[in-house]
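The lines below spell out each chain.
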Amino acid sequence: MTNHASHSSSDVAGASVVPGGHRRVLLLKPRGFCAGVVRAIDVVKIALETFGAPIYVRKEIVHNRFVVNELAEKGAIFVDDIDEVPAGMRVIYSAHGVSPAVREHSKLRGLKVIDATCPLVTKVHVEAVKFAQQGYSLILIGHRDHDEIEGTLGEAPDVTQVVSNVAEVAALEVPDPNRVAYLTQTTLSLDEARDIIHALKEKYPNIVGPHSQDICYATENRQVAVKNVAHQADLVLVVGSNNSSNSNRLVEVSRNLDTRAYLIDNSDAILPEWLENVQTVAITAGASAPEVLVQDVINYLSNHGFDTLEEVEVMPENVRFGLPPEIVQAIAAAPSQPVPVAQ
Ligand code: SF4
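Keep in mind it's a predicted model, so treat the numbers as computed, not measured.

> So what exactly am I meant to see when it comes to the sheet that holds strand E5 (residues 90-93) here?
Strand pairs in the sheet, formed through backbone hydrogen bonds, run parallel or antiparallel to each other. Pairing is parallel across the open sheet formed by 4 strands, whose spatial order is E4-E3-E5-E6. Only two strands of the sheet have a single neighbouring strand rather than two, namely strand E4 (76-79) and strand E6 (112-115). In this sheet, adjacent strand axes meet at a mean angle of 30° when their direction is disregarded. Relative to E5, strand E3 (residues 55-58) runs parallel, the two sharing 3 bridges. Bridged to Arg58 within E5 is Tyr93. On top of the sheet, helix H3 (residues 100-108) reaches E3, E5 and E6; it is set at about 175° to E5, its chief contact.

Below is the structure:
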């Protein structure tokens with residue numbers, strides 16, 4: 001990927017100038033919401049507007065506490081299990097996707113399903129089904145406890161094994177070492193995934209993988225932005241919730257470059273001692289973190305002596321996804337409602 005770094009700067013509103021030199025905030029771009037998260041949040045909002053509350057959502061629609069709380073206030077009810085949704089009601093699947101077993105369960109309970117799975121997660125599901133049908137043993141690189149892995153694993157559970165690090169590759173056993181395929185979670189560290197794939201290729205020289213990498217554009221772009229800018233900063237703050245995989249990876253990318261980094265939900269999590277002797281703070285945000293929380297962190301820093309803000313655009317990002325067919329059809333079937341447009 002080609003990176004073009006461009007800079008724009010302005011004074012941080014309300015900041016006082018620190019004697020002896022400016023303290024800078026570098027605001028990374030791209031940061032924050034990806035196309036899959038925008039789409040998933042739009043789906044819940046449009047469903048609430050079109051059908052009225054309550055609307056049930058299986059799992060957190062995206063891994064961000066602020067977003068979930070905001071939608072819950074509008075009438076979304078978040079549940080961990082399909083059994084918690086009253087029979088016949090409407091349920092939305094989260095951006096992380098679900099296994100076929102969950103789909104079947106919903107059908108048996110007569111639920112009206114709206115699928116907000118990110119199309120880039122669906123791509124990995126389709127690949128899993130294809131490889132399993134072709135008789136491959138499947139190695140899924142990812143984090144076992146993540147909702148996305150639970151869903152993808154469920155496509156072919158009998159032939160799929162999950163590995164989370166290079167050490168686990170050594171323990172793998174498959175019926176035919178010449179018939180092995182790998183896939184990855186969409187929100188992994190590019191570097192870690194590369195190392196695991198390398199170890200798999202050493203162990204299974206004939207292993208096959210996806211046509212294009214499964215790690216999504218948003219995960220990659222945010223990591224590349226941190227890699228480009230971390231060396232200019234004394235501290236990197238990543239806005240995101242602690243169960244957000246791609247946000248955690250951004251912290252790791254920075255720390256691997258020896259720049260101190262912390263994951264914070266919002267400015268309340270910042271400890272004043274983090275800023276001692278810090279001249280430059282870089283801010284980024286995970287794909288599920290809303291911009292309002294980034295602005296909250298900027299305001300905090302401006303009130304703590306950081307007087308200059310530079311936005312550092314590492315690459316442009318203009319991806320958008322269309323709404324799922326269930327929402328498009330539902331809107332069409334309710335002509336009296338104004339047609340909302342996803343942003
Ligand atoms: S992080 Fe990537 S895979 Fe996940 S919702 Fe966003 S675009 Fe889709």
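The rest of the description comes next.
> I'm lost on unusual backbone geometry in this one. Help?
Working note: non-glycine residues mostly have negative phi, and peptide bonds are mostly trans. In this chain, Lys29 is followed by Pro30 through a cis amide linkage whose omega measures 5°. Mapping Pro30 onto the fold places it in the loop between strand E2 (24-29) and helix H1 (35-51). For the bond from Ala53 to Pro54, the omega torsion is 0°, close enough to zero to count as cis. By the secondary structure assignment, Pro54 is in the loop between H1 and E3. Backbone geometry at Lys59 places phi at a positive 65°, although glycine is not the residue there. If you trace the backbone, Lys59 turns up in the loop between E3 and helix H2 (65-74). We classify Lys59 as buried; its relative accessible area is 17%.

> I keep staring at the layout of surface pockets and nothing clicks. Help me out?
Unfilled space is identified by rolling a water-sized probe across the atoms. Estimates place the volume of the largest pocket at around 590 Å³. Residue lining of the largest pocket: 29 residues in total, with Gly32, Phe33, Cys34, Val38 and Arg320 positioned closest to the centre. Breaking the lining of the largest pocket down by element, the ones donating at least two residues are H1, H2, helix H8 (217-229) and helix H10 (291-302). A per-element tally of the lining of the largest pocket places H1 first, with 5 residues. Grouping the constituent residues of the lining of the largest pocket by class yields 16 nonpolar, 3 polar and 10 charged. For the lining of the largest pocket, the domains that each give at least three residues are domain 1 (6-34 + 217-313) and domain 2 (35-118). Taken as a whole, the second largest pocket holds about 180 Å³ of empty space. Together, His63, His143, Asp145, His146, Asp147, Gln185, Asn242, Asn243, Ser244, Ser245, Asn248 and Arg249 line the second largest pocket. For the lining of the second largest pocket, the per-class residue count stands at no nonpolar, 9 polar and 3 charged.

> Looking at this structure, I do not really get the packing of H1 against H2. What am I missing?
Across the interface, H1 lies against H2 with an axial gap of 10 Å and an inter-helix angle of 10°. In terms of orientation, H1 lies roughly parallel with respect to H2. On the side of H1, the interface is formed by Ile41, Val44, Lys45 and Leu48, while H2 contributes Val67, Leu71 and Lys74. A breakdown of the residues in the contact of H1 with H2 according to their chemical character gives 5 nonpolar, no polar and 2 charged.

> Looking at this structure, how should I read the sheet that holds strand E8 (residues 160-163)?
Strands sit in the order E8-E7-E9 across an open sheet of 3 strands; the sheet is parallel. The strands lining the two open edges of the sheet, one partner per strand, are E8 and strand E9 (180-184). Neighbour-to-neighbour, the strand axes of this sheet turn through a mean angle of 25°, independent of strand direction. Sheet analysis places strand E7 (residues 137-141) next to E9, joined by 5 bridges and oriented parallel. Residue pairing across strands places Ile141 opposite Thr184, the latter belonging to E9. Across the sheet, helix H4 (residues 119-133) lies against E7 and E9, angled at about 170° from E9, the strand it touches most. Each of E7, E8 and E9 is contacted by helix H7 (residues 190-203), which is oriented at about 155° to E7, the strand it contacts most.

> Explain H1 here, please?
Three- or four-residue spacings in an α-helix give side chains the same orientation, since the helix completes a turn every 3.6 residues. Over its 17 residues, H1 runs 24 Å from end to end, which matches the ideal 24 Å to within 8%, given 1.5 Å per residue. The element H1 is largely enclosed, with a buried count of 14 among its 17 residues. Gly52 sits one or two positions beyond H1 and adopts a positive phi of about 85°.

> What am I meant to see in the packing of aromatic side chains here?
Two aromatic rings are characterised by how far apart their centres lie and by the angle between their planes. Tallied over the full model, the rule gives 2 aromatic pairs. Taking the centre distance of 5.4 Å and the plane angle of 80° together, the rings of Phe131 and Tyr136 count as edge-to-face. The exposure class assigned to Phe131 is buried, which follows from its relative accessible area of 4%. Here Tyr136 falls in the buried class, since its relative accessible area comes to 11%. Measuring from ring centre to ring centre gives 3.7 Å for Tyr262 and Trp274, while their planes differ by 10°; the resulting arrangement is stacked. Of the two residues, Tyr262 sits in strand E11 (residues 260-264) while Trp274 sits in the loop between E11 and strand E12 (280-285), which places them 12 residues apart along the sequence. The ring centre of Phe131 lies 4.7 Å from the NZ or CZ of Lys130, which sits over that ring. Over the ring of Tyr136 we find Arg179, and its NZ or CZ is 4.1 Å from the ring centre.

What counts, and at which threshold
- Residues numbered from 1 in each chain as written.
- Predicted model: local features only at pLDDT ≥ 70, side-chain atom pairs only at ≥ 80, totals over all residues.
- Heavy atoms only, no water.
- Pairing = 2+ DSSP bridges.
- Helix = DSSP H or I, 4+ residues; strand = E, 2+ residues; numbered from the N terminus.
- Axes fitted to C-alpha atoms, helices over the stretch in contact; angles between N-to-C directions.
- Contact = heavy atoms within 4.5 Å.
- Buried < 20%, exposed > 50% of the residue type's maximum accessible area, 1.4 Å probe, protein only.
- 1 Å grid on protein atoms, 1.4 Å probe; cavity = no way out; pocket = protein on both sides within 12 Å on 5 of 7 lines; lining within 4 Å.
- Points joined across faces, edges and corners; volume = space filled by probe spheres on them.
- Nonpolar A, V, L, I, M, F, W, Y, C, P; charged D, E, K, R; others polar.
- Domains from an automatic or database assignment.
- Parallel < 35°, antiparallel > 145°, perpendicular 65-115°, else oblique.
- Expected span 1.5 Å × (residues − 1).
- Phe/Tyr/Trp six-rings, centres within 6.5 Å; stacked < 30°, edge-to-face > 60°.
- Lys NZ or Arg CZ within 6 Å of the ring centre and 35° of its normal.

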